[in-house]
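Examining the three-dimensional arrangement
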Amino acid sequence: MNLERKPKDKREHVPNWPTQIETLLMTESTDTDRGHKMWEHVHQYYELLFNFSAVPLRHTVAGMAHDTDTPFILFRAPYILHATNARDRQPYTRTNIGFHPCVLTEYGGICTLGRLANCWECVIPTTDEQMAALEPLLVRLRRVRDPDVPKSVWLGTLATLLWEVNQLAEAAIRHDREAPPYIQDLLRYVVEHADETITIDSLAERFFISRAKLTRDFRAAVRMSLHEYITAIRLHRAKILLAEKIPLSLIAERCGFGSESAFIYTFRRHIGTTPGEYRRQRQESRIQ
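What comes next is a walk through the structure. (Residues numbered from 1 in each chain as written. Predicted model: local features only at pLDDT ≥ 70, side-chain atom pairs only at ≥ 80, totals over all residues. Heavy atoms only, no water.)

With respect to helix α6 (residues 211–222)
- The end-to-end C-alpha separation of α6 is 16 Å, in line with the 16 Å expected for twelve residues at 1.5 Å each.
- Regarding α6, the residues found buried are L214, D217, F218, A221 and V222. The arc enclosing the buried residues of α6, seen along the axis, measures out at 100°, which places them on a common side. Counted as exposed and oriented over 90 degrees from the buried face of α6: R216 and A220.
- Those residues of α6 that are buried are in contact with α4 (182–192), α5 (200–206) and α7 (226–242).
- Just past α6, the residue R223 takes up positive phi, approximately 65°. (Helix = DSSP H or I, 4+ residues; strand = E, 2+ residues; numbered from the N terminus. Expected span 1.5 Å × (residues − 1). Buried < 20%, exposed > 50% of the residue type's maximum accessible area, 1.4 Å probe, protein only. Arc of directions from axis to C-beta. Contact = heavy atoms within 4.5 Å.)

In structure tokens form, the structure reads like this:
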């Protein structure tokens, strides 16, 4: 008997305005959770991170790390595994702007990525003066939920900000990580269907490409194997669910691990502790 579940027809959720653009001013350190390291995670939207501090930070993308210690702007595409942590627990101030892909395709093409369109991630070194010049645009975007300001103002502000970032990005952008367009759709599919059985063969059939080419393209673009990416997405989802009072067996099912024992084995192998121990550590860190 074939127990494999049939893929669900999941349509991409398009959020309502103003959640199509989310802006958050953060003062953050290595640990926003009292000593708990930020693990690699994914977003379903584009991200612009504006760091105003000369604090040593470590950025990881698909397991590869690079460091910064000056103000910078960081651009990330959707569905890319990433994390940013302060290397010596110093607090730093940043503004995060996330915008849904629909912002680029709707509203008459007001907002465009320009040079950033072919980037998975781009770190743009800046000066204090350059960041200060962008501050008025960021302040305006932080009020995106203000009902008294027309939508056109927010879109115009974001479009101006993207143009300014593009001017600063010219020297920083390298196109050695360009990938076929289907890879972005494949990443989204994996994130949205992580609770299901996903194989290279099923993905190759869905995206009308050979197994060998899919494997090569994916590793070249994402710098990890497809299996490693799927596992990382499932572990990311599991960590979120472990913050709730959900049985491990149900978390295993919701995250596509097949069984509770497989979930515990994979979690311990990659995280270095069991799901139960991880949950207790998180609860204790919140109490302290």
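A closer look at the pattern of salt bridges
- As enumerated under the stated definition, the model contains seven salt bridges in all.
- In this structure, R76 and E47 form a salt bridge, with 3.2 Å as the shortest nitrogen-oxygen distance. Of this pair, R76 sits in strand β5 (residues 72–76) while E47 sits in strand β2 (residues 46–51), and the two are 29 residues apart along the sequence.
- On the basis of relative accessible area, R76 is assigned to the buried category, the value being 2%.
- Across the pair R58 and D67 runs a salt bridge, and its minimum N-O distance is 2.7 Å. (Salt bridge = Lys/Arg side-chain N within 4 Å of Asp/Glu carboxyl O.)

Observations concerning the side chain of T84
- If you trace the backbone, T84 turns up in strand β6 (residues 82–86).
- There is a polar contact of 3.0 Å between the side chain of T84 and the side chain of H59.
- A polar atom in the side chain of T84 sits 2.9 Å from the side chain of R76. (Polar contact = N/O pair within 3.5 Å; in protein donor to acceptor, adjacent residues only side chain to side chain.)

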